[in-house]
Amino acid sequence: MTALSFDRNTLDMRRGACPALSAPMQTGDGLLARVALVDVITPGQLAELCRLARRHGNGILDISARGNLQVRGLSEASAPLLDADVRALNLPPREGLAVETPPLAGMDDTEIADPRPIAEAIRQGARDILGLAPKMSVVVDGGGQLRLSDLLADIRLTAVSCDEGIHWTLLLGGTETTGRVFNVLRETEAISAALALVRKLGEKGPKARGRDLAAGLSTNHAPGRPASPFGTFRLSGDLFATGIGPAFGQASAETLMALCDEAERLGIQLLKPAFDHSLLFFGPQTVCEALTAFAGSNGFVTSPRDPRSAIAACPGSPACNSATVATHELGAKAAEECGDLLDGSFKLHVTGCPKGCAHPQPSALALCGTAAGLSLITHGKAADEPFASVAFADTNNSLRRIADLVRDERRAGENSAACLARLGPRRLAAAVTSGRS
Ligand code: SF4
């Protein structure tokens, strides 16, 4: 048995498993390997990874919603070669438990506390804990301009400043809004409590998740929506960051290499893949602005006002075997024709099947591919009861009717998510079926 076949058969062929670098996962366009990093890399290193994606895979790369790089289209023979070549790049790989911090951590004067020492202590402390769920994640969020509030986490620590100094709210399950409050603790207590919970989950086995320990706890108070990573951010000293992302989180190796080459030409030395399918490039303000202009003219998302940044689309057809729709085409059409609906107040979830990989949380509006056509769901997950089902050929018309309804019915100061919630499934269903013969 080869190392690859052992990994695939025993670890990562399950639904919900993470396609790590040495244990790639089968998808519709071959094996997919994930490169998860814990620190910045150079544009040259990303360009080299793109070359490897072309050599060993099908030349398509993803930046995932959690900011992991993914190489698509690998074969049984090429995946171990990619593994070896990526290791030779000397990237800072994430090993063991996923303990995530905001992408500007330690560089952002507006953060309450630098979360990285806590994250590292939890990472080290969890090294010998076995039996955890493959997708187990811990978020340590010190506040600042770019927060991880919308990412699901089994265990989350968020910094709060109070009269007694800095404390950490420990949440179980969900996002920052929906997680349950376990306790509010000082730094050392927070680390021990988080590790004790990780250990408890390990003892319960790989199906146990943070939410399973949350019975009887109250839900956290809802903060506002976190800022989008697209745009320019002022950091400590003269340093700036600019967030740039490929549409729907996917790009060809050539397109990403061109962006990296331009970044290098401009003198940018560091970048970091980040949440919402983004890459944050670091440098002086004028350099960041020049790279943003280059990226914008080459089809990348560079602003939270770009309606594509308000769409969460899974790879869809043909990249995934389970997909019944070409999600990226559908998303591009929605961005073109329903821009005012996509005002950033919610993520339009476009999914190739009810699994809903791109957006595991409920969404104000989800379009889900089925064998018969498309299900439309409001304020729910992809697998929830739809308020309407339409044939593939009627997809664009249906979306346009919803966008028209929201435009006509929107009250002063009301955003799209609130308007969709107020209209409810019946009005939305009526709008979708109007004009149908
Ligand atoms: S949600 Fe999309 S990527 Fe995930 S299994 Fe379904 S079609 Fe494939």
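Definitions and limits used
- Residues numbered from 1 in each chain as written.
- Predicted model: local features only at pLDDT ≥ 70, side-chain atom pairs only at ≥ 80, totals over all residues.
- Heavy atoms only, no water.
- Domains from an automatic or database assignment.
- Buried area = accessible area lost by both parts, 1.4 Å probe.
- Salt bridge = Lys/Arg side-chain N within 4 Å of Asp/Glu carboxyl O.
- Polar contact = N/O pair within 3.5 Å; in protein donor to acceptor, adjacent residues only side chain to side chain.
- Nonpolar A, V, L, I, M, F, W, Y, C, P; charged D, E, K, R; others polar.
- Helix = DSSP H or I, 4+ residues; strand = E, 2+ residues; numbered from the N terminus.
- Buried < 20%, exposed > 50% of the residue type's maximum accessible area, 1.4 Å probe, protein only.
- Contact = heavy atoms within 4.5 Å.
- Near = heavy atom within 4 Å.
- Pairing = 2+ DSSP bridges.
- Axes fitted to C-alpha atoms, helices over the stretch in contact; angles between N-to-C directions.
- Right-handed = clockwise from strand over helix to strand, strands pointing away.

## A few points about the domain arrangement of the protein chain
Then, number 1: What the domain assignment lists for the protein chain is domain 1 (3-95 + 229-304), domain 2 (104-213) and domain 3 (308-433).
Then, number 2: On a C-alpha basis, the centroid separation for the pair domain 1 and domain 3 is 27 Å.
Then, number 3: For the pair domain 1 and domain 3, the summed buried area comes to about 1300 Å², and 52% of that belongs to carbon and sulfur atoms.
Then, number 4: Applying the counting criterion to the domain 1 and domain 3 interface returns one salt bridge.
Then, number 5: Where domain 1 meets domain 3, there are five residue pairs in polar contact (both at pLDDT 80 or more).
Then, number 6: The class makeup of the residues in the side of domain 1 that touches domain 3 is six nonpolar, six polar and four charged.

## Considering the environment of Leu104
Then, number 1: Residue placement: Leu104 occurs in the loop between β5 (98-100) and α4 (116-125).
Then, number 2: Overall, Leu104 belongs to the buried group, its relative accessible area being 2%.
Then, number 3: Sequence separation of Leu104 and Gly144 is 40 residues, and the distance between their C-alpha atoms is 7.8 Å.
Then, number 4: Those residues in contact with Leu104 that lie beyond four places of it in its chain are Glu111, Gln145, Leu146, Phe233, Leu235, Ala241, Leu280 and Phe282.

## A short note on the site of the ligand
Then, number 1: In the neighbourhood of the ligand, the contacting residues comprise Cys314, Pro315, Cys320, Ser322, Ala323, Thr351, Gly352, Cys353, Lys355, Gly356 and Cys357.
Then, number 2: Of the residues assigned to the shell around the ligand, the class counts are six nonpolar, four polar and one charged.

## Re the sheet that holds strand β2 (residues 30-35)
Then, number 1: Judged by pairing direction, the sheet is antiparallel, and its five strands sit side by side in the order β1-β2-β4-β3-β12 without closing on themselves. Sheet topology places β1 (25-27) and β12 (250-252) at the edges, where each strand pairs with a single neighbour. Strand-to-strand, the axes of this sheet are offset by a mean angle of 30 degrees, without reference to chain direction.
Then, number 2: In the sheet, strand β3 (residues 60-63) pairs with strand β4 (residues 69-74) via three bridges, with the strands oriented antiparallel. Of the residues in β4, the one forming a bridge with Asp62 is Gln70.

## Structural notes on the environment of Gly96
Then, number 1: Take Gly96: it is sitting in the loop between α3 (78-87) and β5.
Then, number 2: Judged by relative accessible area, which is 70%, Gly96 ranks as exposed.
Then, number 3: Taking the C-alpha atoms as reference points, Gly96 and Arg127, separated by 31 residues in sequence, lie 6.3 Å from one another.

## A word on the sheet that holds strand β15 (residues 311-313)
Then, number 1: Read across the open sheet, the five strands follow the order β15-β16-β17-β18-β19; overall the sheet is mixed. If you trace the sheet from one side to the other, it starts and ends with β15 and β19 (388-390), each paired once. Pairwise comparison of adjacent strand axes, ignoring direction, gives a mean angle of 15 degrees for this sheet.
Then, number 2: The pairing of β15 with strand β16 (residues 348-351) spans three bridges and is classified as parallel.

## Some thoughts on the pairing of β16
Then, number 1: A two-sided burial pattern is seen for β16, the buried positions comprising Leu348 and Val350 on one face and His349 and Thr351 on the other.
Then, number 2: Considered for its hand, the β-α-β crossover made up of β15, helix α8 (residues 327-337) and β16 is left-handed.
Then, number 3: As paired elements, β16 and strand β17 (residues 365-369) share four bridges and run parallel to each other. Bridge pairing in β17 links Leu348 to Leu365.

## Structural notes on the side chain of Glu414
Then, number 1: With respect to the helices, strands and loops of the structure, Glu414 is situated in the loop between α9 (395-409) and α10 (416-433).
Then, number 2: Discounting residues that sit within four places of it in the chain, Glu414 has contacts with Glu409, Cys419 and Arg422.

## As for the pattern of salt bridges
Then, number 1: Going through the model one piece at a time under the given rule, you end up with 22 salt bridges.
Then, number 2: Put simply, Arg147 and Glu176 hold a salt bridge, and the shortest N to O gap is 3.0 Å. Of this pair, Arg147 sits in the loop between β6 (137-141) and β7 (155-162) while Glu176 sits in the loop between β8 (165-172) and β9 (180-185), placing them 29 residues apart in sequence. Each member of the pair, Arg147 as well as Glu176, is classed as buried.
Then, number 3: Between Arg265 and Glu262 there is a salt bridge, with its nearest N and O atoms 2.9 Å apart. Taken together, the positions of Arg265 and Glu262, both in helix α6 (residues 253-265) and three residues apart, correspond to about one turn of that helix.
Then, number 4: When its relative accessible area of 60% is taken as the criterion, Arg265 is described as exposed.
Then, number 5: Among the ionic contacts, a cluster of salt bridges with common partners joins Asp29, Asp62 and Arg72.

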